[in-house]
Amino acid sequence: MRSTPRPGAVSSTVRRGLVAAAVLAIGSTAAVATATSASAAVSCKVTYSASQWQGGMSANLTIQNLGDALSNWTLTFTFPNSGQKVAQGWSANWSQSGSNVSATALDWNKSLATGASTSLGFNGTWTSSNPSPTDFKINGVSCNGTPQSPSQSPSQSPSRSPSQSPSQSPSQSPSQSPSQSPSQSPSQSPSQSPSYSPPPPGTHVDNPYSGATGYVNPDWSRSASNEPGGSKIANTSTAVWLDRIAAISSGSAGQNSMGLRDHLDEAVRQDAANGSAPLTIQVVIYDLPNRDCSALASNGELKIANNGLARYKSEYIDVIAGIMADSKYSNLRIVTVIEPDSLPNLITNVSNFQACQEAQSSGAYVQGVQYALNKLHAIRNVYTYIDAAHHAWLGWDTNFGPVVNLFHQVASGTTAGVNSVDGFITNTANFAALSEPYFTINTSVNGQSVRQSKWVDWNYYVDEQTFAVGLRNALVAKGFPNTLGMLIDTSRNGWGGSARPTKASTSTNVDTFVNESRVDRRIHAGNWCNQSGAGMGERPRANPAAGLDAYVWIKPPGESDGASAQIPNDEGKGADPMCDPTYHGNSLNGNNLSGALAGAPLSGHWFSAQFQQLLANAYPPIS
Ligand code: BGC
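Residues numbered from 1 in each chain as written. Predicted model: local features only at pLDDT ≥ 70, side-chain atom pairs only at ≥ 80, totals over all residues. Heavy atoms only, no water.

### What about the nonpolar core?
Counting residues in each nonpolar core, the largest one holds 75 residues, and the members touching the most others are Met324 and Phe424. For this core, the leading source of residues is helix α4 (residues 308-324), giving 8 residues. In contact with Phe424, not counting residues within four places along its chain, are Tyr385, Ile386, Ala388, Phe407, Leu475, Phe480, Leu484, Gly485, Met486 and Leu487. Counting 28 residues, the second-largest nonpolar core is a separate cluster that includes Ala59, Leu70, Trp94 and Leu120. (Core = buried A, V, L, I, M, F, W, Y, C linked by side-chain atoms within 4.5 Å. Buried < 20%, exposed > 50% of the residue type's maximum accessible area, 1.4 Å probe, protein only. Helix = DSSP H or I, 4+ residues; strand = E, 2+ residues; numbered from the N terminus. Contact = heavy atoms within 4.5 Å.)

Given below as structure tokens:
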């Protein structure tokens, strides 16, 4: 795939303030309380732990029933500060009125036997500070008494609460490194809570990454471990790409040999070996006719003019959906990433590229994506995330508004409407920094906004996390459900190593300031092929920030983005000048050098030198 930027027109509109999401500092607290009611035998303990960053938080709660069996429950508590808000919760129906928060049980977790526990949580926001709540109640009864039943353990005494003071939260400064963030990696078991109880297998949960283990793709893992030092990250969860019809049965491009059933069978095996945590496997749906219409590196096998849309439906999507619907796989959480770059190409590249023009006028991209959504959403344990390019493609208002409208129009045209979409993913196979730590879109230098710098080029976003959050807000405002979750591909956006700035520049020239301060070291934010200097980024993990379902590794690090010389192949792939380090670019990258590494193989094929650079320049570092 490729990722084509297209600067939009200059606009003088000042955009709303965005959450400064540069950091993921942890404020982990555990407020514990116990309670009994003399009349009703309700007795409970609630554990609350929150991670936080500037303006945002992600909280996990565990309710333990110490009293009689409950057939239904409602948890209530009060936020100590008026600026604290629940934005998006899971494993309960969440609501908030003023500072009072209420979470009512769902069908699958409403009965709680004596001694049983259930976990729930939410992502939220805060303003001045973020103290933990302490006044938990179940069905109106405070969880702060002593268990009355003789069977209840004396260890659940109120004496544990004073140490969990609300004041523990906001002290973590935003300047802490992202590496200090919670270890909710999909490749780790949900050890956050000792009494974690996942919903019944196969439940369609709000966030399929929450509390789950990530599938390790043996094909990628083997290639990674064969590289010097590669075994350090070879058990990271990466996506399976179905990049052509043949990949369904015998593996995607390059060194990959496992088909979809092989992967799902292996996922069932990994799931069983992992114990109680559910397993999440990620599959990229990537074979639309006229694929990658504005570039050459990842052109595909199907052509609109050759009956491509009909073949896409019957030989590709139907076959994939048929396999995923097999009851053998019903306990897996199958995440699908739907058609990287396709809908964004309809926003920016129709007038310049004949193949995109055809994709639009025939309706093939829209109908193909709708067909995929209908088939995949119909399978209860399959999750759908539509690709939404990245900030340096869609971050200008002239592109942002239209793509929000297009996403809404596409989803509205499916059988389940906007509910057929679980979320969106940004930065797939791209290199945009997750967060620029030394400036935001609101930074000015000597009276000039960073928006005026050549690097930012009037964009409204300077990094991926602010873009993903801003896009989610706009999509929800447009009519998508509030459960919508975002993913960010962090497989290659680490930008560590010796070239990484360690502080903000002191220059008073806005261009120099931005160039010296930015951690994204590309020559131009529109460069996308095998970028020199890049490193692996944040390791995959769930709930990294409000509105984000997970950081994920979708592009398997070490697989090439494309070749600059024509290499004979049966994958429909061409030679792309953007993969040639001597190419001076075009209007899409400001006629700059491409920044590509030399000597790359075809897209999807193993590129050892790139893997080694990504490992060496990882941020957070891999040691
Ligand atoms: C290629 C695919 C490959 C994927 C993951 C894409 O750019 O076109 O063939 O499977 O990257 O490496």
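### Regarding the state of the cysteines
Counted by the stated rule, this structure contains 3 disulfides. Covalent S-S linkage joins Cys44 and Cys143, the inter-sulfur distance amounting to 2.0 Å. Taking the sign of the torsion about the S-S bond as the criterion, the disulfide between Cys44 and Cys143, at about -100°, is left-handed. On the criterion of sequence distance, the pair formed by Cys44 in strand β2 (residues 43-53) and Cys143 in the loop between β10 (141-142) and β11 (213-214) is long-range, its members being 99 residues apart. Covalently, Cys293 is tied to Cys356 through a disulfide, its sulfur atoms 2.0 Å apart. Classification of the bridge connecting Cys293 and Cys356 rests on its S-S torsion, roughly 95°, and on that basis the disulfide is right-handed. Pair noted here: Cys293 is in the loop between β13 (279-285) and α4 and Cys356 is in helix α6 (residues 354-361), with a separation of 63 residues, a long-range link. (Disulfide = S-S within 2.5 Å.)

### Side note on the confidence of the model for the protein chain
Per-residue pLDDT for the protein chain has a mean of 86; in total, 84% of the residues score no lower than 70. Predicted confidence for residues 6-39 stays below pLDDT 50, and this span has 127 contacts to residues more than four positions away or in other chains. Counting contacts from residues 148-194, a segment whose pLDDT is below 50, to residues more than four positions away or on other chains yields 96 contacts. (pLDDT = per-residue confidence, 0-100.)

### Quick word on the pairing of strand β20 (residues 541-545)
A large share of β20 lies buried, amounting to 5 of its 5 residues. Where β20 meets strand β21 (residues 548-552), 3 bridges bridge the pair, whose relative direction is antiparallel. Counted as the bridge partner of Arg541 is Tyr551 from β21. The turn linking β20 back onto β21 is made up of 2 residues, and Gly547 within it adopts a positive phi angle of 85°. (Pairing = 2+ DSSP bridges.)

### So, the environment of Tyr286
Assignment of secondary structure puts Tyr286 in the loop between β13 and α4. On the accessibility criterion, Tyr286 (3% relative accessible area) is buried. A C-alpha to C-alpha distance of 6.8 Å links Tyr286 and Pro340, two positions 54 residues apart in sequence.

### Focus on α4
Because an α-helix completes one turn every 3.6 residues, residues spaced three or four positions apart along the sequence face the same direction. Here α4 is 17 residues long and its end C-alpha atoms lie 22 Å apart, about the 24 Å a rise of 1.5 Å per residue gives. Taking the largest bend as the criterion, α4 deviates by roughly 30°, centred on Ile317. When α4 is considered as a whole, its buried residues turn out to be Gly308, Leu309, Tyr312, Tyr316, Ile317, Ile320, Ala321, Ile323 and Met324. (Expected span 1.5 Å × (residues − 1). Bend = angle between axes of the 7 residues up to and from the residue.)

### What to know about the pattern of salt bridges
Applying the stated criterion to the full structure yields 15 salt bridges. Among the salt bridges present, the one from Arg541 reaches Glu538, with a minimum N-O distance of 3.2 Å. When its relative accessible area of 4% is taken as the criterion, Arg541 is described as buried. Owing to a relative accessible area of 7%, Glu538 belongs among the buried residues under this scheme. We note a salt bridge from Asp561 to Lys555, for which the minimum N-O separation is 3.7 Å. Assessed through its relative accessible area of 5%, Lys555 is described here as buried. Among the charged side chains, a salt-bridge network with shared partners connects Asp243, Arg244, Asp570, Glu571 and Lys573. (Salt bridge = Lys/Arg side-chain N within 4 Å of Asp/Glu carboxyl O.)

### Re helix α11 (residues 510-517)
The complete set of buried residues in α11 reads Val510, Phe513, Val514 and Ser517. Axial view of α11: buried residues confined to an arc of 90°, hence all on one face. Against β17 (444-445) and β18 (448-449) lie the buried residues of α11. (Arc of directions from axis to C-beta.)

### Section: empty space enclosed by the protein
Applying the stated criterion across every chain yields a total of 4 cavities of 30 Å³ or more. Every residue lining the largest cavity is counted, 16 residues in all, and those nearest its centre are Trp241, Asp243, Lys555, Ser603 and Gly604. Classifying every residue of the lining of the largest cavity gives 5 nonpolar, 5 polar and 6 charged. Reported here for the second largest cavity is a volume of approximately 80 Å³. (1 Å grid on protein atoms, 1.4 Å probe; cavity = no way out; pocket = protein on both sides within 12 Å on 5 of 7 lines; lining within 4 Å. Points joined across faces, edges and corners; volume = space filled by probe spheres on them. Nonpolar A, V, L, I, M, F, W, Y, C, P; charged D, E, K, R; others polar.)

### Points about the side chain of Thr348
Within the fold, Thr348 resides in helix α5 (residues 342-348). By relative accessible area, Thr348 is classed as buried at 1%. A polar atom in the side chain of Thr348 sits 3.3 Å from the side chain of Asn349. Only 2.9 Å separates the side chain of Thr348 from the side chain of Trp393, close enough to count as a polar contact. (Polar contact = N/O pair within 3.5 Å; in protein donor to acceptor, adjacent residues only side chain to side chain.)

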